[in-house]
Amino acid sequence: SSGINAEYGEILALSKDENIGERVLNSIAPSIYGHENIKRAIGLSLFSGVPKNPGKKHKVRGDINVLLCGDPGTAKSQFLKYVTKVAHRPVFTTGQGASAVGLTAYVQKHPVTREWTLEAGALVLADNGVCLIDEFDKMNDADRTSIHEAMEQQTISISKAGIVAQLQARCAIIAAANPIGGRYDPSLTFAENVDLTEPILSRFDVLCVVRDTVDPVIDERMARFVTGSHVRHHPANMMNPDTSEDQSQADHVPQDLLKKYIMYARTKVKPKLHYVDQDKIASLYAELRRESMATGSIPITVRHIESMIRLSEAHAKVHLREYVREDDINIAIRIMLESFIDTQKFSVMKNMKHTFSKYLSYKKDNNELLLFILKQLAKDQMVYSRSRHSGDIQTVEISAEELEDKARQINIHNLQPFYSSELFLNNRFVYDKKNKNILLTM
């Protein structure tokens, strides 16, 4: 019909946008500030990889499992609740409220016929969808081991009361957990911070560590974002929406269209792996294994190679591509490495970032790098100004020459595109060409 053709045309038009990858991933949970790594991981999990069945002997899953772990108050549960609104067939459960049989399947007597019947649990109900488990660390170990088979083989085997069956559980699992003692301790490894066993940790493709760090500039911006969001979404304001919506919202894909786009990509697009740089993946895997053994953090297994391939297929799906390209592989490697490095002790992290810097810098354009340097300079200037003058500071002045010196050290010589970029202006920076200063309005 004409309605379906119009939607199809809208989806294809969206896929032709060259920044579609960033736009789609920025549209994940737009009401939550920051946490780009979590948004990217959840976004790719929603698109999922391609399931395979080599020789019709055994299945290789295509779903991407994600574990969020970190400090309280960092919107972990909000991310899971958001996924229930945008995903296909979502099932939400909590660790304390879920038992082994509630997650898998259970047998009960039919009240009328008095025969034993099989009832599906959360993972079976979420088949071809997403199962979201909050408070994952609060589950009993016996209950948690029941989902081992579902997370890798994506089936649930039952042999109870004379019923022997195998149920399908082809779903992605996105779980949120709190560290031991409530807060994440960066001086310990991920395995020491979380009360989870190695077999379960290796089944997650991406581990996202969320730390609540103190940063005056980011904290102030987050406070403004939260208060602005409350003002905008107040019932009184919803009746007459303000046209002066935040500029960054213009980049977002409308949530209804995003849901259709994800559904179309999941069902219709099956990217093929051709001309993959196998040497690159092999050398990276060997390097990661060596680092993992040396630091004693999360174990790196063959599953992580499969995770890289799944992530690259999901990234190709975001662009509705028929083939996995080199940049999809590079993005997948970057996500994998960021996930691995975040789980390290703070003492090891810096050296590891330097070791893998060639992979980590991929697709992080110069503007993002310059913005990071500028924020550091603004932070230093703010601390200095506060120590000199008591009271509120309205504007912070940063020397443009100082930024240009720092940029030259990393081989960036032309800063004019950065000064006129949306990234620079959206972060409330203004370039004063006459005085060669950069002003940050608080």
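Scroll up a little and you will see the structure.
Quick look at the structure, then.

Criteria and thresholds
Residues numbered from 1 in each chain as written. Predicted model: local features only at pLDDT ≥ 70, side-chain atom pairs only at ≥ 80, totals over all residues. Heavy atoms only, no water. Helix = DSSP H or I, 4+ residues; strand = E, 2+ residues; numbered from the N terminus. Rg over C-alpha atoms; globule rule 2.2 N^0.38 Å. Buried < 20%, exposed > 50% of the residue type's maximum accessible area, 1.4 Å probe, protein only. Contact = heavy atoms within 4.5 Å. Areas by Shrake-Rupley, 256 points an atom, 1.4 Å probe, with all protein chains shown as cover. Lys, Arg positive; Asp, Glu negative; His and termini not counted. Charge placed at Lys NZ, Arg CZ, Asp CG, Glu CD. Pairing = 2+ DSSP bridges. 1 Å grid on protein atoms, 1.4 Å probe; cavity = no way out; pocket = protein on both sides within 12 Å on 5 of 7 lines; lining within 4 Å. Points joined across faces, edges and corners; volume = space filled by probe spheres on them. Nonpolar A, V, L, I, M, F, W, Y, C, P; charged D, E, K, R; others polar. Phe/Tyr/Trp six-rings, centres within 6.5 Å; stacked < 30°, edge-to-face > 60°. Lys NZ or Arg CZ within 6 Å of the ring centre and 35° of its normal. Axes fitted to C-alpha atoms, helices over the stretch in contact; angles between N-to-C directions. Parallel < 35°, antiparallel > 145°, perpendicular 65-115°, else oblique. Left-handed = near helix turned anticlockwise from the far one by under 90°. Expected span 1.5 Å × (residues − 1).

A few points about the overall build of the protein
No. 1: The helix and strand inventory of the protein stands at 22 helices and 14 strands.
No. 2: In terms of overall size, the protein behaves like a compact globule, its C-alpha atoms giving a radius of gyration of 24 Å where 442 residues would be expected to give roughly 22 Å.
No. 3: Dimensions of the protein, computed from the C-alpha atoms along their principal axes, are close to 85 × 55 × 50 Å.
No. 4: Across the 442 residues in the protein, those meeting the buried criterion constitute 46%.
No. 5: Sequence-distant contacts in the protein: of pairs separated by 6 or more residues, those separated by 24 or more amount to 72%.
No. 6: Surface exposure of the protein reaches about 22,800 Å², of which carbon and sulfur atoms provide 52%.
No. 7: Placing the 56 positive and 55 negative side-chain charges of the protein at their respective mean positions leaves the two points 4 Å apart.

Considerations on the pairing of strand β1 (residues 66-70)
No. 1: Within β1, five of the five residues are buried, leaving the element largely enclosed by the surrounding structure.
No. 2: A two-sided burial pattern is seen for β1, the buried positions comprising V66, L68 and G70 on one face and L67 and C69 on the other.
No. 3: In this sheet, strand β8 (residues 172-177) lies alongside β1 in parallel orientation, the contact comprising four bridges. Across the sheet, L67 pairs through a bridge with A175, a residue of β8.

Considering empty space enclosed by the protein
No. 1: All told, the structure shown has three cavities of 30 Å³ or more when counted by the stated rule.
No. 2: Approximately 90 Å³ is the volume found for the largest cavity.
No. 3: Going through the elements one at a time, α3 (36-47), β9 (206-210) and α16 (326-342) are the ones with two or more residues in the lining of the largest cavity.
No. 4: Top contributing element to the lining of the largest cavity by residue count: α16, with four residues.
No. 5: A class-by-class count of the residues in the lining of the largest cavity yields five nonpolar, two polar and three charged.
No. 6: Looking at the second largest cavity, its volume works out to about 50 Å³.
No. 7: For the second largest cavity, the full set of lining residues is L46, V86, A87, H88, V130, K259, I262, M263 and R266.
No. 8: Broken down by element, the lining of the second largest cavity gets its largest block of residues, four residues, from helix α13 (residues 255-268).
No. 9: Each residue belonging to the lining of the second largest cavity can be placed in one class, and the counts come to six nonpolar, one polar and two charged.

Section: the packing of aromatic side chains
No. 1: Taken as a whole and judged by the stated rule, the model has six aromatic pairs.
No. 2: Geometrically, the ring pair formed by F47 and Y261 is edge-to-face, given 6.1 Å between the ring centres and 75° between the ring planes. You can see F47 sitting in helix α3 and its partner Y261 sitting in helix α13, a full 214 residues away along the chain.
No. 3: Using a relative accessible area of 0% as the deciding quantity, one classes F47 as buried.
No. 4: The class of Y261 is buried, set by a relative accessible area of 0%.
No. 5: Ring centres of F136 and F204 lie 5.8 Å apart, and the angle between their planes is 90°; this geometry places the pair in the edge-to-face category. One end of the pair, F136, is in the loop between β5 (130-134) and α7 (141-145); the other, F204, is in the loop between α10 (198-201) and β9, and 68 residues separate them in sequence.
No. 6: Judged by relative accessible area, F204 falls into the buried class, the value being 1%.
No. 7: Site record: aromatic cluster; members linked through ring pairs are Y419, F424, F429 and Y431.
No. 8: We note K81 situated over the ring of F92; from NZ or CZ to the ring centre the distance is 4.0 Å.

What about the packing of helix α19 (residues 366-388) against helix α20 (residues 400-409)?
No. 1: Look at α19 against α20: their axes get within 10 Å of each other, and the N-to-C directions meet at 135°. As judged from the angle between their axes, α19 and α20 are oblique. Considering the relative orientation of α19 and α20, their crossing is right-handed. Judged by residue contacts, L370, I373, L374 and L377 of α19 engage E402, L403, K406 and A407 from α20.
No. 2: Class assignment of the residues belonging to the contact of α19 with α20 gives a composition of six nonpolar, no polar and two charged.

Brief notes about α16
No. 1: Taking 1.5 Å per residue as the helical rise, α16 with its 17 residues ought to reach 24 Å, and the 24 Å between its terminal C-alpha atoms agrees with that figure.
No. 2: In terms of burial, α16 is a largely internal element, 16 of the 17 residues being buried.

So, the sheet that holds strand β14 (residues 437-441)
No. 1: The strand order across the open sheet built from three strands is β12-β14-β13, with neighbouring strands paired in antiparallel fashion. Each edge of the open sheet carries a strand with a single partner, namely β12 (395-399) and β13 (429-432). Neighbouring strand axes in the sheet, compared pairwise and without regard to direction, differ in orientation by 25° on average.
No. 2: Summarising the sheet, β12 and β14 pair through five bridges and their orientation is antiparallel. Note that in β14 the partner of V396 across the bridge is L440.
No. 3: Its contacts with the sheet place α20 against β12, β13 and β14, and it is angled at close to 50° to β12.

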